[in-house]
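The lines below spell out each chain.
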Amino acid sequence: KISSRSRAEMVWKLVAGLEKHAAEFAHLESLDNGKPLKDASQVDVPLTIETFKLYASMADKLEGKTYETEFLDFSFTRREPIGVCGAIIPWNFPLLMLAWKVAPCLACGNTMVLKSSEKTPLSALLFGKICQEAGLPEGVLNILSGFGPEVGSPLAAHMDVHKIAFTGSAQTGKRVMMLAAESNLKKVTLELGGKSPNIIFDDADLDQAVKCATMGIF
């Protein structure tokens, strides 16, 4: 319950922390999921920083609309925080997926419980340290490491969580949606898919196709 300007300032502090620890984040991403250090340094970390910059700049610019009605008065919309949000992220872009979930959540005044992938928890834990250094109020962002049945399922089913966002397989997405519906009909955002399928035609440049298919794994 702070002003939008204060929220913006807090997210900007997170930007500063990400920039300060950029090299450390890149090494952790490479160590954690095996992607080349060059990719983590030139793609994952810079895009993460830009994501937080975007939402920091938007945090104090949220607005509603005013409508004139047929009764010669007006109605208006007011955007309010959802409340407690849950997020479950995958292993392939641990830090960037965190940014896509956490940055808009905090900028809009919500709190979050984030479950990192059990395969790649390190960058999320370092981000938690940055949040502490930035002075993020206790309980605003809560980071959990663990497996789906022990952590993800209880998060999706929790009655005090008002929205759940999940990125991962279609099979698990169905489970998340079912748990959300059976609990409190919480809002659900799903980003689902397989493992980077490709269709390569007979007239394709095979060298280029192999290169793109390899890059698509990440």
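Read on for a plain summary of the structure. (Residues numbered from 1 in each chain as written. Predicted model: local features only at pLDDT ≥ 70, side-chain atom pairs only at ≥ 80, totals over all residues. Heavy atoms only, no water.)

**Details of the overall build of the chain**
Here comes step 1: For the chain, the count of helices and strands is 8 helices and 7 strands.
Here comes step 2: With the C-alpha coordinates of the chain rotated into their principal frame, the extents come out at 65 × 40 × 40 Å.
Here comes step 3: Relative to its full complement of 218 residues, the chain shows a buried share of 39%.
Here comes step 4: Counting only contacts in the chain whose residues sit at least 6 apart along the sequence, the fraction spanning at least 24 positions is 71%. (Helix = DSSP H or I, 4+ residues; strand = E, 2+ residues; numbered from the N terminus. Buried < 20%, exposed > 50% of the residue type's maximum accessible area, 1.4 Å probe, protein only. Contact = heavy atoms within 4.5 Å.)

**Observations regarding the nonpolar core**
Here comes step 1: Core analysis: the largest hydrophobic core is formed by 35 residues, its most contacted members being Phe52, Val102 and Phe127.
Here comes step 2: With 8 residues, helix H4 (residues 94–107) is the largest single contributor of residues to this core.
Here comes step 3: Non-local contacts of Val102, meaning those with residues more than four positions away in its chain, are made with Phe52, Met112, Leu114, Phe127 and Leu141.
Here comes step 4: Of all hydrophobic cores here, the second largest spans 10 residues; its members include Ile88, Leu155, Leu179 and Ala180. (Core = buried A, V, L, I, M, F, W, Y, C linked by side-chain atoms within 4.5 Å.)

**Description of the pattern of salt bridges**
Here comes step 1: Summed over all chains, the structure comprises 8 salt bridges.
Here comes step 2: With a shortest N-O distance of 3.4 Å, Glu19 and Lys53 are connected by a salt bridge. Note that Glu19 is positioned in helix H1 (residues 4–20) and Lys53 in helix H3 (residues 37–58), a separation of 34 residues in sequence.
Here comes step 3: Notably, a salt bridge pairs Lys53 with Glu50, separated by 3.6 Å at the nearest N-O pair. (Salt bridge = Lys/Arg side-chain N within 4 Å of Asp/Glu carboxyl O.)

**A short note on H3**
Two residues of an α-helix separated by three or four positions point the same way, owing to the 3.6 residues in each turn.
Here comes step 1: Taking 1.5 Å per residue as the helical rise, H3 with its 22 residues ought to reach 32 Å, and the 31 Å between its terminal C-alpha atoms agrees with that figure.
Here comes step 2: For H3, the set of buried residues is Ala40, Asp44, Val45, Thr48, Ile49, Thr51, Phe52 and Ala56.
Here comes step 3: The inward-facing, buried residues of H3 contact H1, helix H2 (22–33), H4 and helix H5 (122–134). (Expected span 1.5 Å × (residues − 1).)

**A word on unusual backbone geometry**
Excluding glycine, residues mostly carry a negative phi; peptide bonds, for their part, are mostly trans.
Here comes step 1: Its identity is not glycine, yet Leu72 carries a phi of approximately 65 degrees, on the positive side.
Here comes step 2: Residue position: Leu72 is located in the loop between strand S1 (66–68) and strand S2 (74–76).
Here comes step 3: A positive phi angle, near 50 degrees, is found at Leu185, a position not held by glycine.
Here comes step 4: Checked against the element boundaries, Leu185 lands in the loop between helix H7 (170–183) and strand S7 (187–192).
Here comes step 5: You can call Leu185 exposed: its relative accessible area is 69%.

**What about the environment of Glu182?**
Here comes step 1: By the secondary structure assignment, Glu182 is in helix H7.
Here comes step 2: Judged by relative accessible area, Glu182 falls into the exposed class, the value being 60%.
Here comes step 3: Taking the C-alpha atoms as reference points, Glu182 and Leu192, separated by 10 residues in sequence, lie 20 Å from one another.

**Considering the sheet that holds strand S6 (residues 163–168)**
Here comes step 1: Read from one edge to the other, the open sheet built from 5 strands follows the order S5-S4-S3-S6-S7, with strand pairing classed as parallel. Each end of this open sheet is capped by a strand with a single partner; those strands are strand S5 (141–145) and S7. Ignoring strand direction, the axes of neighbouring strands in this sheet form an average angle of 10 degrees.
Here comes step 2: Looking at chain direction, strand S4 (residues 111–116) and S5 are connected through 5 bridges and run parallel. Counterpart to Val113 in the pairing with S5 is Asn142.
Here comes step 3: Across the sheet, H4 lies against strand S3 (84–88), S4, S5, S6 and S7, angled at about 170 degrees from S4, the strand it touches most. (Pairing = 2+ DSSP bridges. Axes fitted to C-alpha atoms, helices over the stretch in contact; angles between N-to-C directions.)

**Re the packing of H2 against H3**
Here comes step 1: Across the interface, H2 lies against H3 with an axial gap of 8 Å and an inter-helix angle of 125 degrees. Looking at the two axes, H2 sits oblique to H3. Seen along the crossing, H2 lies across H3 with a hand that is right-handed. Residues Ala22, Phe25, Ala26, His27, Glu29 and Ser30 of H2 form the contact with H3, whose participating residues are Leu37, Ala40, Ser41, Asp44 and Val45.
Here comes step 2: Here the residues of the contact of H2 with H3 are counted per class, giving 6 nonpolar, 3 polar and 2 charged. (Parallel < 35°, antiparallel > 145°, perpendicular 65-115°, else oblique. Left-handed = near helix turned anticlockwise from the far one by under 90°. Nonpolar A, V, L, I, M, F, W, Y, C, P; charged D, E, K, R; others polar.)

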